[in-house]
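Read off the chains here:
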Amino acid sequence: MSVKLNTRQVGDVTVVDVAGRITLGEGSSALRDALREMVSKNQKKILLNLGEVSYIDSSGIGELVSGFTTVTNSGGQLKLLGLNKRVKDLLQITKLYTVFDVHEEEASAIRSF
Amino acid sequence: MDSTLESVDSAEALALGVAERAGFDEDDLMKIGLAVRESMVNAVVHGNRYSAHKKVRFLAAHHDTRFTVRIADEGEGFDMTHLPDPLAPENLMRTSGRGIFLIRSFMDEFEMKRLEPGGTEVTLVKYTVSK
């Protein structure tokens, strides 16, 4: 299985539920395309729910960084929700954990925008 | 192995099979899997550039306390002495360049060498007991 994305609106925040593997190939490109589409539709508040992400490699991390840069440069905000230990450890090792605004609970993540 | 992303998946699975039998716990298996994946991606994407005419050689073995993976591509090689530091402030927001850093973080030993007449070989080692 690669990655599955489900997009929903909570007020003016676009929540993207990501499940599966964000790795080089289908997984990373699907995330990239979804974020680009949201930016093109002028969606400014994006919350990536990574609670069901089982695996991420350096390409997947690259897409998170790319998405963050793209959304931020367009005047928006991209935040992360529900990191498991694996993803959290990777972001900490690569010193990206403090770059992103990371939340553990959806309601407070939504309020933070 | 062929220079495809499917080979990356296969190599990771093979390595994890050997690693599991060697007795690594879940946390170490995650690290080994990711290190092998990153090494295979480097060989397939950067070394062989997905060429159908170039192969990746792959070995995974366990002997005594050493779990070893060796991966060799048939590419043109690269400058191993000037790899950018992905943790440097000017590189932090780059979208690539973290693979070798992660391999070094997760394995106990990591060696790269140029092959003659061409290609790059990497050797990854993880000890089954802490040294």
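Given the structure is predicted, the values throughout are model-derived calculations rather than measurements.

What counts, and at which threshold
- Residues numbered from 1 in each chain as written.
- Chains lettered and ligands numbered in written order.
- Predicted model: local features only at pLDDT ≥ 70, side-chain atom pairs only at ≥ 80, totals over all residues.
- Helix = DSSP H or I, 4+ residues; strand = E, 2+ residues; numbered from the N terminus.
- Rg over C-alpha atoms; globule rule 2.2 N^0.38 Å.
- Buried ≥ 20, exposed ≤ 12 C-beta atoms within 10 Å, placed from the backbone.
- Contact = placed C-beta atoms within 7 Å.
- Pairing = 2+ DSSP bridges.
- Axes fitted to C-alpha atoms, helices over the stretch in contact; angles between N-to-C directions.

Chemist: Please explain the overall build of chain B as it appears in this structure.
Modeler: When you go through chain B residue by residue, the secondary structure sums to three helices and four strands. Traced from its N-terminal end to its C-terminal end, chain B shows the element sequence α-α-β-β-α-β-β. In summary, chain B has a C-alpha radius of gyration of 15 Å against a globular reference of 14 Å for 131 residues, a match within 12%. Counting only C-alpha atoms, chain B reaches 40 × 35 × 25 Å along its principal axes. When the 131 residues of chain B are sorted by exposure, 32% land in the buried category. A fraction of 64% describes how many contacts in chain B between residues 6 or more apart in sequence connect residues 24 or more apart.

Chemist: Mind showing me how you'd approach the sheet that holds strand E2 (residues 13-22) of chain A here?
Modeler: What links the strands of a sheet is backbone hydrogen bonding, and the strands pair in either a parallel or an antiparallel sense. Residues and elements named next belong to chain A. Strand order in this open sheet of five strands is E1-E2-E3-E4-E5, and the pairing throughout is mixed. In this open sheet, the two strands that pair with only one neighbour each are strand E1 (3-10) and strand E5 (102-103). One ladder, built from eight bridges, connects E1 with E2; its direction is antiparallel. Within E2, the position partnered with Thr7 by the bridge is Val16. In the packing of helix H1 (residues 26-40) onto the sheet, contacts are made with E1, E2 and strand E3 (45-56), and the angle to E2 comes to roughly 170°. Strands in contact with helix H2 (residues 58-73) are E2, E3 and strand E4 (77-81); relative to E4, the strand with the most contacts, it is inclined by about 145°.

As far as function goes, none of this settles anything; it's purely spatial.
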